[in-house]
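The primary structure of each chain is shown beneath.
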Amino acid sequence: QDAALLDIESKMVRITEELLRKRAEHNEGIVSTLEEVSLHQYEIEKIENFDKYCRHIQILLLQNNIIERLENLSKLKQLKYLNVALNNIIKIENLENCESLVKLDLTCNFIEAEYFEESLYNLKKVASIRELYLTGNPCTDWPGWKDLTIAIVDQLTRIEGEDVVPSQRIKAKQNFEQLMESLQLFIEQVRIKKKEEEGKEVSEGAYTRENRRKMYLEMGKEREEKERRENPKKFEENEPSPMFLANGEIRQCNEGKYDFLLNEWDDPEMTVFEMKIPKYLNTSLIDVNINPKWVSVRVKGKN
C-alpha cells in the first residue's frame, strides 16, 4: 500500500505553464493576461509559478487540493479573491504583499488554535482584506474565535458571510485580554487531549491532514484510470508531424490553417515570407527553420 502511495505521489500535479494555458481557454489560452483561473480538484500540493506566468491574476480558485502552505503569492499585486478551501493549510502567512486581496476563503483547512493568534496578526498585515471564511478549521472549535478575529484584524467587514457591526468590534476589543486567556487555556486543553491520544490507532476515516492527502491522491489515481479507459487517445503521445517526405523532399503543408504570404517578385534579391499567428501567442511555442530553398514554421507542434 505504501509503495502504491509513493507511485501516486510521483505523479503529483504541478502548476506549470502548460496547465495554466489549458485552464486559460476562456482567455484564448493566453496566460500572461489571465485574470481568473480555477484549479480545483487537481491534487495540487504546492502554490507555485503564478508569479512567473500570470501576475495579473485577480481571482485564484485553488479549493479541493492538498496544498500545505500559503506561499509564492507575494508578486500577485492585483489578486482580489483567493479560495484555498478544503486544503491542508495550518497557518495564514505570506500574504502581506498581496496589496489588493479583499476576500480569503480558508474553509475546512487545518489551522490549529496554537497557530491562530499568529495567523490573525499575519492577516492584519494585509491592509486590503475585508472578508474571511474559516469555518471547519480546528481553531473554530474555540468559541471565541470570531471575537478575537474581529479584535485583531480591524479592517475585516465580513466574517463567514456576515457583516461585522461596530458594536461587535468595540465589545471584542474590550474583551481582548479575557479572549487571549481563554485561547491559551483552550490550546492547553488541546495539547493534553493530543498527549492522551498518543499511541492510539487513528481510524482510517479520521479527519486528519494525512488522511485527506491519502484520500485525494487515491481519488486522483482512480479518476485518471477511469479517463484512460474512457478516452485512451488523450493519453497517447503525439509525435510532431515529419518535416520531410520519404524521398527527402520538404513536405508542403499548413496544419494550423494559418494565413501566410510568400513574396519573391518585388525585389529580385529578397524573398519575404509573412505569416499571421495569434497576437499573444507565447514565442516558446514557435519554432522557425530557414533554409535557402524553404522555410518551416512550427506553431504549437503543427507545421
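Parameters and conventions
Residues numbered from 1 in each chain as written. Predicted model: local features only at pLDDT ≥ 70, side-chain atom pairs only at ≥ 80, totals over all residues. Heavy atoms only, no water. Phe/Tyr/Trp six-rings, centres within 6.5 Å; stacked < 30°, edge-to-face > 60°. Helix = DSSP H or I, 4+ residues; strand = E, 2+ residues; numbered from the N terminus. Lys NZ or Arg CZ within 6 Å of the ring centre and 35° of its normal. Contact = heavy atoms within 4.5 Å. Buried < 20%, exposed > 50% of the residue type's maximum accessible area, 1.4 Å probe, protein only. Polar contact = N/O pair within 3.5 Å; in protein donor to acceptor, adjacent residues only side chain to side chain. Salt bridge = Lys/Arg side-chain N within 4 Å of Asp/Glu carboxyl O. Pairing = 2+ DSSP bridges.

*Asks:* Explain the packing of aromatic side chains residue by residue, including any values.
*Replies:* Taken as a whole, this structure holds two aromatic pairs when the rule is applied. Where Phe 260 meets Phe 273, the ring centres are 5.8 Å apart and the plane angle is 35 degrees; that geometry is what we call tilted. Pair noted here: Phe 260 is in strand S8 (residues 260–263) and Phe 273 is in strand S9 (residues 272–275), with a separation of 13 residues, a long-range link. Directly above the aromatic system of Tyr 81 lies the positively charged group of Lys 103, at a separation of 4.6 Å from the ring centroid.

*Asks:* Describe the side chain of Glu 71, naming the residues involved and giving the relevant values.
*Replies:* Mapped onto the secondary structure, Glu 71 falls in the loop between strand S2 (59–61) and strand S3 (81–83). In this structure Glu 71 touches Lys 46, Ile 47 and Asn 94, once residues within four positions along its chain are discounted.

*Asks:* Before we move on, could you go through the environment of Asp 154 and cite the residues and values that matter?
*Replies:* By the element assignment, Asp 154 lies in the loop between helix H5 (145–152) and strand S6 (158–159). With a relative accessible area of 30%, Asp 154 lands in the partly exposed category. Each C-alpha atom, one on Asp 154 and one on Arg 169, is 8.0 Å from the other, the two residues being 15 residues apart in sequence. Setting aside residues no more than four positions away along its own chain, Asp 154 makes contact with Lys 124, Arg 169 and Lys 173. A polar contact is formed between the side chain of Asp 154 and the side chain of Lys 173, at a distance of 2.5 Å.

*Asks:* Describe the pattern of salt bridges, with residues and values.
*Replies:* Two side chains with opposite charge may pair up if their charged atoms get near one another. All told, the structure shown has twelve salt bridges when counted by the stated rule. In this structure, Glu 48 and Arg 14 form a salt bridge, with 2.6 Å as the shortest nitrogen-oxygen distance. Residue Glu 48 is found in the loop between strand S1 (36–38) and helix H3 (50–53), and its partner Arg 14 is found in the loop between helix H1 (2–9) and helix H2 (17–22); the two are separated by 34 residues along the sequence. Here the residues in one salt-bridge network are Arg 69, Glu 71 and Glu 93, joined through shared partners.

*Asks:* Break down the environment of Tyr 42 for me, with residues and values.
*Replies:* Looking at the secondary structure, you find Tyr 42 in the loop between S1 and H3. Sequence separation of Tyr 42 and Leu 281 is 239 residues, and the distance between their C-alpha atoms is 25 Å.

*Asks:* Summarise the sheet that holds S3; cite the residues concerned and give the values.
*Replies:* Taken in spatial order, the seven strands make up an open sheet running S1-S2-S3-S4-S5-S6-S7, and their pairing is mixed. At either end of the open sheet lies a strand with only one pairing partner, and these are S1 and strand S7 (162–163). Pairing analysis gives three bridges linking S2 to S3, with the strands arranged parallel. If you follow Leu 61 over to S3, its bridge partner there is Asn 83.

So, to be careful, I would describe these as geometric facts and stop short of saying anything about function.
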